[in-house]
Amino acid sequence: MKIRFILFFAVFTAGFTYAQKMPISYDFGEKYDDRYKYSNLVSISEDGTGGTVLVRSYYTGMILKPKGYFIEHYNKDLELISEYNYKLKGPDLIEGFLKNGQLYLLFLDYNWETLSYDYIVHRSPISNFNFTEEKLLSIQSDQVQQPYDRNYYNRNFSSGFTTTALFNDDKSAFIISTHFKKGKINKHNIYLFNASLNKIFEQDFSNEIEDKNYAFENIVVSPNMERVYIIGKAYFKKKRFTALERKFQYELIMLSKQGAITQNFDGPGKFSEALKPILRNGNLICVGFYADRKDNRYNGLGYFKLDPVTLEIQIRKYNPFSNQFMSDKFGTEDAEQVKNLVFKNVSFTQDDEILFNAEEYFVTSSVQANSSGGRLRVERFHHNDIVSAKLNLKGEMLWARNINKSEVTQGDGAYASYCSYTKNDNTYFFISSSAENPQLLNNDRVIFKQGMSRNRNVFVIQLDKHGKMSYEKIIDDKEARLPLMVSKPLMDFNDNAVLFYAKRGTKKQLVNVSIN
């Protein structure tokens, strides 16, 4: 049965005291047994009637190998109403989404009969699972080691074939980018599809890659789907660089049936990073970070307003990090470096002011001895500080805050990082930590660390409309016996709620958090 908790409390102290009450309530769904101990959540969607559909890839065997996809359907009361085991091995799942009662799973697979990479969609109604297949694209190529190549810092364009698929925020449309290179052949095509799998248009982008290779990161699509705007890194082919110098520039590409237009943002002594394209009330805006030199440090936030048809830049604004921000992060206003920031999400206040959120993210690796005496390369994924900023309609920064956080994982990143929700000009950040309290740093600063216990608390950090920070432990680890996947929520903007999947081993449940 569902257990409901409502929070009325005073906040604990950690060097200073907060007296604010967070307007938060939460519901625990029933705990259910689960047959697959090892799995990853790959998709969570609303079913159209208040319920939820989740898709997990699962692994079994003495040496864990992917064996298929487990699908769970819950009703609006967080009750599990059906499960389905889709036993499918081989193709790589790119994305899953739900539209009009149909579950779509987009895969990339290598076809040995045709010697091609195929994008294939497996589709089924959620009322009675019965998957059918539909091929969207087929690109002739030799098999390569890592065809689907998307990360934040390094891209390999020498393998012969690379491809990326990017969805817009509501998953009503997506692009597929394919880049094939062999000998004198150098072909780059971009395709736009709607959620019903209809191809809206395709563009030959080959002329644009004579001097640059493109690694796309974010898209936004016009309401009538006549235009798609793509942000990406354009890596220069023929320029020489120093060891620490960045080898790319950020560009915005507009595609339509009439062709492609590109716009770059770098100016004298200003180099853009981690940009996000936004369409708002007919305006095209890009917001992100910038640096004063061609290296990996950041100096502030950049704001660009563009003509949505010509991409001409109408407003260009650079906002250096404030003293408050530097003090938040380093305990001093002096010159330690800000770097490795990755865009997370953007939202708008009631007055159309922009709330921009990012995270300090990077990867480290080391070589360790394994049980058989061999050497094993281990990668660690670091999800550290949260960066949040507020910009007005002119692109001027009203405030920027840094929330100190330290997390590292070698496996499933769903339990690390954070998610955020904005309501009434307040932004709420949800994080999970085994620590009972944040750790006090110097100058009344605190840091949220992941802790050592297997049980986890859920904290909410609030930034109000003035950037004033407060925090609260809203769910104790004695209540939430299963850890929440805080970085993979389902946002319910109609009911101002955030739905989390909680799982450990062979137990699972849903937790619904409402912002009242």
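Below you will find a few notes about this structure. Treat the numbers as computed from the prediction; the structure is a model and nothing was measured.

Cut-offs applied
- Residues numbered from 1 in each chain as written.
- Predicted model: local features only at pLDDT ≥ 70, side-chain atom pairs only at ≥ 80, totals over all residues.
- Heavy atoms only, no water.
- Buried < 20%, exposed > 50% of the residue type's maximum accessible area, 1.4 Å probe, protein only.
- Helix = DSSP H or I, 4+ residues; strand = E, 2+ residues; numbered from the N terminus.
- Pairing = 2+ DSSP bridges.
- Contact = heavy atoms within 4.5 Å.
- Polar contact = N/O pair within 3.5 Å; in protein donor to acceptor, adjacent residues only side chain to side chain.
- Core = buried A, V, L, I, M, F, W, Y, C linked by side-chain atoms within 4.5 Å.
- Arc of directions from axis to C-beta.
- Salt bridge = Lys/Arg side-chain N within 4 Å of Asp/Glu carboxyl O.
- Axes fitted to C-alpha atoms, helices over the stretch in contact; angles between N-to-C directions.
- Phe/Tyr/Trp six-rings, centres within 6.5 Å; stacked < 30°, edge-to-face > 60°.
- Lys NZ or Arg CZ within 6 Å of the ring centre and 35° of its normal.

**Remarks on the pairing of strand S31 (residues 426-433)**
Here comes step 1: With eight of eight residues buried, S31 lies mostly within the body of the structure.
Here comes step 2: Because side chains alternate across S31, one face comprises the buried residues Asn 426, Tyr 428, Phe 430 and Ser 432, and the other comprises Thr 427, Phe 429, Ile 431 and Ser 433, equally buried.
Here comes step 3: Pairing geometry for strand S30 (residues 419-423) and S31, over five bridges, is antiparallel. Along S31, the bridge assignment pairs Lys 423 with Asn 426.

**Concerning the environment of Asn 496**
Here comes step 1: Here Asn 496 lies in the loop between strand S36 (490-492) and strand S37 (497-504).
Here comes step 2: For Asn 496 and Asn 516, which are 20 residues apart along the polypeptide, the C-alpha to C-alpha distance reads 7.3 Å.
Here comes step 3: Those residues within four positions of Asn 496 in sequence are excluded, and the remaining contacts are Tyr 421, Lys 423, Val 513, Ser 514 and Ile 515.
Here comes step 4: Among the polar contacts listed, one links the side chain of Asn 496 to the side chain of Tyr 421, at a separation of 2.8 Å.

**A few points about the nonpolar core**
When a protein is soluble and globular, its nonpolar side chains tend to lie buried together.
Here comes step 1: Among the nonpolar cores identified, the biggest contains 24 residues, and Phe 289, Leu 301, Phe 321 and Val 338 are the most heavily contacted of them.
Here comes step 2: The contact partners of Phe 321, leaving out residues within four places of it in the chain, are Phe 289, Tyr 298, Asn 299, Gly 300, Leu 301, Met 326, Val 338, Leu 341 and Met 397.
Here comes step 3: Grouped together as the second largest cluster of nonpolar side chains are 23 residues, Leu 108, Phe 174, Phe 180 and Tyr 191 included.

**Here we look at unusual backbone geometry**
Note: most residues except glycine have negative phi, and most peptide bonds are trans.
Here comes step 1: For Leu 197, which is not a glycine, the phi torsion comes out positive at approximately 75°.
Here comes step 2: Topologically, Leu 197 is positioned in the loop between strand S14 (185-194) and strand S15 (199-204).
Here comes step 3: Although it is not a glycine, Met 225 adopts a positive phi angle of roughly 60°.
Here comes step 4: Classification of Met 225 as buried rests on a relative accessible area of 18%.

**Things to note about helix H1 (residues 323-330)**
Here comes step 1: Taken as a whole, H1 has its buried residues at Phe 325, Met 326, Asp 328, Lys 329 and Phe 330. Summarising the axial view, the buried residues of H1 lie within an arc of 165°, below the 170-degree limit, and thus occupy one face.
Here comes step 2: In this structure, the buried side of H1 is in contact with strand S25 (338-339), strand S27 (354-369), strand S28 (375-391) and strand S29 (397-409).
Here comes step 3: Positive backbone phi, approximately 80°, marks Gly 331, located one or two places after H1.

**Comments concerning the pattern of salt bridges**
Here comes step 1: Scanning all chains against the criterion turns up 28 salt bridges.
Here comes step 2: With its nearest N and O atoms 2.8 Å apart, the salt bridge here joins Asp 34 to Arg 56. One end of the pair, Asp 34, is in the loop between strand S3 (32-33) and strand S4 (38-46); the other, Arg 56, is in strand S5 (residues 52-60), and 22 residues separate them in sequence. The pair Asp 34 / Arg 56 is uniform in exposure class, with both members buried.
Here comes step 3: A salt bridge links Asp 34 to Lys 508; its shortest N-O distance comes to 2.8 Å.

**Let's talk about the sheet that holds strand S18 (residues 248-256)**
Here comes step 1: The antiparallel open sheet is built from four strands, whose spatial order is S16-S17-S18-S19. Two strands lie at the open edges of the sheet, namely strand S16 (212-221) and strand S19 (259-264), each paired on one side alone. This sheet shows a mean twist of 30° between the axes of neighbouring strands, independent of strand direction.
Here comes step 2: For S16 and strand S17 (residues 228-236), the ladder comprises nine bridges, and the chain directions are antiparallel. For Lys 212, the partnering residue across the bridge sits in S17 and is Phe 236.

**Here we look at the packing of aromatic side chains**
Here comes step 1: What the rule picks out here adds up to 36 aromatic pairs.
Here comes step 2: The structure contains a cluster of three or more aromatic residues connected by ring pairs, namely Phe 289, Tyr 298, Phe 321, Phe 325, Phe 343 and Phe 356.
Here comes step 3: The ring centre of Phe 248 lies 4.6 Å from the NZ or CZ of Lys 233, which sits over that ring.

**Focus on the sheet that holds strand S12 (residues 161-167)**
Here comes step 1: If you walk across this open sheet you meet the four strands as S12-S13-S14-S15, and the pairing is antiparallel. Each edge of the open sheet carries a strand with a single partner, namely S12 and S15. Direction aside, neighbouring strands of the sheet carry axes that sit 15° apart on average.
Here comes step 2: Where S12 meets strand S13 (residues 173-182), seven bridges bridge the pair, whose relative direction is antiparallel. Paired with Leu 166 across the strands is Ile 175, a residue of S13.

**Re the side chain of Asn 426**
Here comes step 1: With respect to the helices and strands, the residue Asn 426 is situated in strand S31.
Here comes step 2: In this structure Asn 426 comes out as buried when scored by relative accessible area, which is 16%.
Here comes step 3: Apart from residues no more than four positions distant in its own chain, Asn 426 is found in contact with Tyr 421, Gln 462, Leu 463, Asp 464 and Lys 465.

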